[in-house]
Amino acid sequence: MASRYQEVYAAWKHDPEAFWAEAAKAIDWDRPFDRVFDPDAGVYGRWFPGALCNTCYNAVDRHVQNGHGNQLALIHDSAIAGTVRKFTYAELKREVVALASVLRNHGIAKGDRVIIYMPMIAEATFAMLACARLGAIHSVVFGGFAARELATRIDDARPKLIITASCGLEPGRIIAYKPLLDEAIQLARHEPDHCIIAQRDELRCELVAGRDIDYADAVARETAAGANVDCVPVAATDPLYVLYTSGTTGQPKGVVRDHGGHMVMLKWSMDHEFGIEPGEVFWAASDVGWVVGHSYIVYAPLLHGCTTVMFEGKPVGTPDAGTFWRVIADHGVAALFTAPTAFRAIKGQDPQGTFIPKYDLSKFRTLFLAGERADPETIKWAERMLSVPVIDHWWQTETGAPITQNPVGLGMLPVKYGSPGIPMPGYDIRILNDAGHEVPNGTLGNVVLKLPLPPGCLPTLWNADKRFHQAYLDEFPGFYKTADAGLLDDDGYLFVMARTDDIINVAGHRLSTGAMEEVLAEHPDVAECAVIGIADQLKGQIPLGLVVLNAGASREAADIEREAIGLVRERIGPVAAFKSVIIIKRLPKTRSGKILRGTIQKIADLEDWTMPATIDDPAILDEITTALKVRGLAG
Ligand code: COA
Ligand code: AMP
């Protein structure tokens, strides 16, 4: 089939408002919008002002009303617990209504914040939708973050209530959530009124009298009482959620997502970008704590009337490298979306794909990869093994949906390995040099997006318009700075090469090295430190800490290193995958005192590097090279 991409992209460019007005017809609005886009509202304009709508209604109720109540909406498959739970749209609605009723009884109303700190259990999806139903703003915190990270988010979002579970399951260990919750509440200045706790059989916890509510008991009571909670109409421009993502400091950025634009963009993306039909099974093997989980585990598949799969497990080791194929076969999955790391892990354990023929993958049509650079080797391996298109696509927490892709729904374009595709409608990508001038095709520069951003992108940061300006809009006036460096080729394909800030990408998880440095600096023996991301065959990148000790420090180096590693795990969480620290005599700096992180990274990654002209003392780089070599961290 010839691709309709050029025609569709040109239609958007010709008249963006007409384009999004047409896309908005796929959403049920309680009151129509006054205009498609108001350029004078908000920081850079707002989409669909004047409209009233409800995301939960569009994701759940309308499918029931349209006669699809018996269709499967959600399949929860835990490869760790060995359980599968299935919910039709009618059952999903019952679960969501009952929980919304519990929330309402505890004072939650439109605009209130609710933090959801949960493992990958079905109740996490119910919780997000119950908030959406009431017009409350959810903020999901990834379970692999430590108590202090949760506390930071509690203080920023100021939730009235927290929904959590007694435990999460990681291979070979049970993560007790309750102690983390209690510690976070103790650390935070803001105190939630209540916590709703889903007890899991693997590890139950004691509830705090007066504060904690047993999830199952409370929901059962509401169900027995025949609770009914209507979807609360909210402005299309009201926030649906706040999702914190790494910034350049320890203070994460609260990415705000609105209701109207978000629904329009996600619904459009399912058809046109992902090529999925309502009724098909869509599986995003991510976590609800990340944006991929928000958009493509919960909201997009449900808005589109698909069956979504929530998976608790890992691509390998739960129990083996055939788990993904087992889930695809068991549930008739049409499309899988995951991070390249997952496929590198499977390829590492089963390079010949011996598990694949054991499963019926006849319904499986497309593999989508995103979240980090997809190396051509891994893409080609997946293509060979699965005989389906493998689609790399690029986006960010901030955009909520792909910026570039090979739009299978519009008809495939030629694949260029190493490129996550071409701009999707809504995105006018430019490459600028540091002075803000556009560079010719093929030239590396700052990847920026011409304003306004399309529906579904963040309108601002939570309570931080100024930070939004500073972080994204100020450096290149008229453009949104992605903080990725890359190039466009003559056919309009984007190649994303690196970040221009201190964010690193570990197994598809976005982490701030600045935040890790702030933690290391708290160690009493550490005078100075730098954290860089070094290449890793499995996870893409892993963090490496370089620390300089205080003059008087006399303790064993190994003890200090162990403590430093423990500190990052305790303060940020195991997800940081912070396992390497080396103690060095001094850090290489420019004469103005800037640490030469980029040069150290090149040395560690065995890339060509040149001596920076501004270096304070060139001998330090030799010291670092030796230190890295001794530890096997550089050639
Ligand atoms: N709660 C508590 N701890 C968690 C957690 C959670 N929800 N998620 C991860 N962790 C812990 C892990 O147990 C691990 O701890 P450890 O250092 O004690 O082993 C650490 O955080 C790092 O986790 P992870 O990045 O998952 O690495 P892993 O070594 O456990 O597994 C892979 C390696 C390749 C299997 C895994 O990284 C993977 O599946 N990656 C796919 C990427 C992905 O889904 N990305 C999401 C964005 S699309
Ligand atoms: P996150 O906000 O966690 O989704 O991380 C976004 C960042 O991940 C981007 O700015 C990129 O640096 C990186 N990223 C995401 N997808 C891709 C991709 N397909 N190719 C290269 N980098 C990617």
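Residues numbered from 1 in each chain as written. Chains lettered and ligands numbered in written order. Predicted model: local features only at pLDDT ≥ 70, side-chain atom pairs only at ≥ 80, totals over all residues. Heavy atoms only, no water.

Novice: I keep staring at the site of ligand 1 and nothing clicks. Help me out?
Specialist: Taken together, 24 residues are adjacent to ligand 1, and Glu170, Arg173, Lys314, Arg569 and Lys579 come closest. Interatomic distance of 2.8 Å between a side-chain N/O atom of arginine 569 and an oxygen atom of ligand 1. Contact between ligand 1 and proline 574: an oxygen atom at 3.4 Å from a main-chain N or O atom of the residue. Burial of ligand 1 by the surrounding chains reaches 83%, relative to a free accessible area of 930 Å². Taken together, the elements giving at least two residues each to the shell around ligand 1 come down to strand E10 (173-176) and helix H12 (340-349). Broken down by element, the residue count for the shell around ligand 1 peaks at three residues, all from H12. (Near = heavy atom within 4 Å. Polar contact = N/O pair within 3.5 Å; in protein donor to acceptor, adjacent residues only side chain to side chain. Areas by Shrake-Rupley, 256 points an atom, 1.4 Å probe, with all protein chains shown as cover. Helix = DSSP H or I, 4+ residues; strand = E, 2+ residues; numbered from the N terminus.)

Novice: Before we go on, may I ask you to explain the site of ligand 2 in this structure?
Specialist: Around ligand 2 sit 15 residues in total, of which His393, Thr397, Asp484, Arg499 and Arg510 are the nearest. Separating a nitrogen atom of ligand 2 from a backbone N or O atom of histidine 393 is a distance of 2.8 Å. The side chain of aspartate 484 places a nitrogen or oxygen atom 2.6 Å from an oxygen atom of ligand 2. Tallied by class, residues from the shell around ligand 2 come to four nonpolar, five polar and six charged. (Nonpolar A, V, L, I, M, F, W, Y, C, P; charged D, E, K, R; others polar.)

Novice: Explanation requested: the domain arrangement of the protein in the structure shown.
Specialist: Interface extent is often summarised as the accessible area lost during association of the parts. You can read the domains of the protein as domain 1 (5-313 + 393-486) and domain 2 (507-630). Once you take the C-alpha centre of each, domain 1 and domain 2 turn out to be 34 Å apart. Taken together, the contact pairs 18 residues of domain 1 with 16 residues of domain 2. For the pairing of domain 1 and domain 2, the buried interface totals around 1300 Å² over both sides, and the portion due to carbon and sulfur atoms is 46%. A per-residue breakdown of the area domain 1 buries against domain 2 is headed by Arg148, Ser246 and Trp290, which together make up 37% of the total. The interface formed by domain 1 and domain 2 includes two salt bridges. In this structure, the salt-bridge partner of arginine 148 is glutamate 522, at a minimum N-O distance of 3.0 Å. Linking domain 1 with domain 2 are five residue pairs in polar contact (both at pLDDT 80 or more), by the criterion used here. Counted by class, the side of domain 1 that touches domain 2 contains four nonpolar, nine polar and five charged residues. (Domains from an automatic or database assignment. Contact = heavy atoms within 4.5 Å. Buried area = accessible area lost by both parts, 1.4 Å probe. Salt bridge = Lys/Arg side-chain N within 4 Å of Asp/Glu carboxyl O.)

Novice: Help me understand empty space enclosed by the protein in this model?
Specialist: To find the voids left in a structure, one rolls a probe of water-molecule size over its atoms. Within this structure, the stated rule accounts for three cavities of 30 Å³ or more. The volume enclosed by the largest cavity comes to roughly 100 Å³. Lining the largest cavity are 14 residues, with Val390, Asp392, Val415, Lys416 and Ser419 sitting closest to its centre. If you tally residues by element for the lining of the largest cavity, the top one is strand E20 (residues 390-392), at three residues. Classifying every residue of the lining of the largest cavity by side-chain character gives seven nonpolar, five polar and two charged. (1 Å grid on protein atoms, 1.4 Å probe; cavity = no way out; pocket = protein on both sides within 12 Å on 5 of 7 lines; lining within 4 Å. Points joined across faces, edges and corners; volume = space filled by probe spheres on them.)

Novice: What's the story with the pairing of strand E31 (residues 580-584) in this structure? I'm lost.
Specialist: Regular strands place side chains that alternate from one sheet face to the opposite one. Burial of E31 is extensive: four of the five residues sit out of reach of the surface. Strand direction decides the pairing type here: strand E30 (residues 540-549) and E31, joined by five bridges, are parallel. Of the residues in E31, the one forming a bridge with leucine 546 is isoleucine 582. The β-α-β motif built from E30, the intervening helix H16 (residues 557-571) and the parallel element E31 has right-handed crossover chirality. (Buried < 20%, exposed > 50% of the residue type's maximum accessible area, 1.4 Å probe, protein only. Pairing = 2+ DSSP bridges. Right-handed = clockwise from strand over helix to strand, strands pointing away.)

Novice: Got a minute to help me understand the pairing of strand E26 (residues 494-499) in this structure?
Specialist: With five bridges connecting them, strand E25 (residues 479-488) and E26 associate as antiparallel partners. Of the residues in E26, the one forming a bridge with leucine 487 is phenylalanine 495. Hairpin connection of E25 to E26: five residues between the antiparallel strands, including glycine 492 at a positive phi of 85°.

Novice: Where do I start with the nonpolar core in this structure?
Specialist: Across soluble globular proteins, you tend to see nonpolar side chains buried next to one another. Of all hydrophobic cores here, the largest spans 121 residues; its most connected members are Trp20, Leu129, Tyr296, Tyr299 and Phe337. By residue number, the principal contributor to this core is helix H5 (residues 122-134), which donates ten residues. Membership of the second largest hydrophobic core comes to 64 residues, among which are Ala151, Trp290, Cys529 and Ile584. (Core = buried A, V, L, I, M, F, W, Y, C linked by side-chain atoms within 4.5 Å.)

Novice: Hey, could you run me through the environment of isoleucine 560 in this one?
Specialist: Inspection of the secondary structure assignment puts isoleucine 560 in helix H16. Given a relative accessible area of 1%, isoleucine 560 falls into the buried group. As for isoleucine 560 and asparagine 463, which are separated by 97 residues in sequence, their C-alpha atoms are 38 Å apart. In this structure, isoleucine 560 is in contact with His523, Asp525, Leu549, Arg555 and Ile583, ignoring residues within four places of it in sequence.

Novice: Where do I start with the packing of helix H4 (residues 89-105) against helix H8 (residues 215-224) in this structure?
Specialist: Geometry of a packed helix pair, given as the angle between the helix axes and the separation of the axes. At a closest axis distance of 8 Å, the pairing of H4 and H8 adopts a crossing angle of 105°. By the angle class used here, H4 and H8 are roughly perpendicular. Contacts between H4 and H8 involve Glu95, Ala98, Leu99, Ser101, Val102 and Asn105 from the former and Tyr215, Ala218, Val219, Glu222 and Thr223 from the latter. Residues belonging to the contact of H4 with H8 are distributed by class as follows: six nonpolar, three polar and two charged. (Axes fitted to C-alpha atoms, helices over the stretch in contact; angles between N-to-C directions. Parallel < 35°, antiparallel > 145°, perpendicular 65-115°, else oblique.)

Novice: Sorry if this is basic, but what is going on with the pattern of salt bridges here?
Specialist: Two side chains of opposite charge can pair, provided their charged atoms sit close to one another. Here the structure, examined in full by the defined rule, presents 42 salt bridges. The residue aspartate 112 makes a salt bridge to lysine 160 at a minimum N-O spacing of 3.1 Å. Of this pair, aspartate 112 sits in the loop between H4 and strand E6 (113-117) while lysine 160 sits in the loop between helix H6 (147-157) and strand E8 (161-165), and the two are 48 residues apart along the sequence. Arginine 365 is the salt-bridge partner of glutamate 280, the closest N and O atoms lying 2.6 Å from each other.

Novice: Help me understand the UniProt feature "domain: AMP-dependent synthetase/ligase" (unreviewed entry) in the protein, please; the structure alone is not making it clear to me.
Specialist: Mapped onto the present numbering, the UniProt feature "domain: AMP-dependent synthetase/ligase" (unreviewed entry) falls on residues 66-450. Taken end to end, residues 66-450 comprises 31% helix and 25% strand; its first and last C-alpha atoms sit 39 Å apart. (UniProt positions renumbered as here; feature names shortened; annotations may be inferred.)

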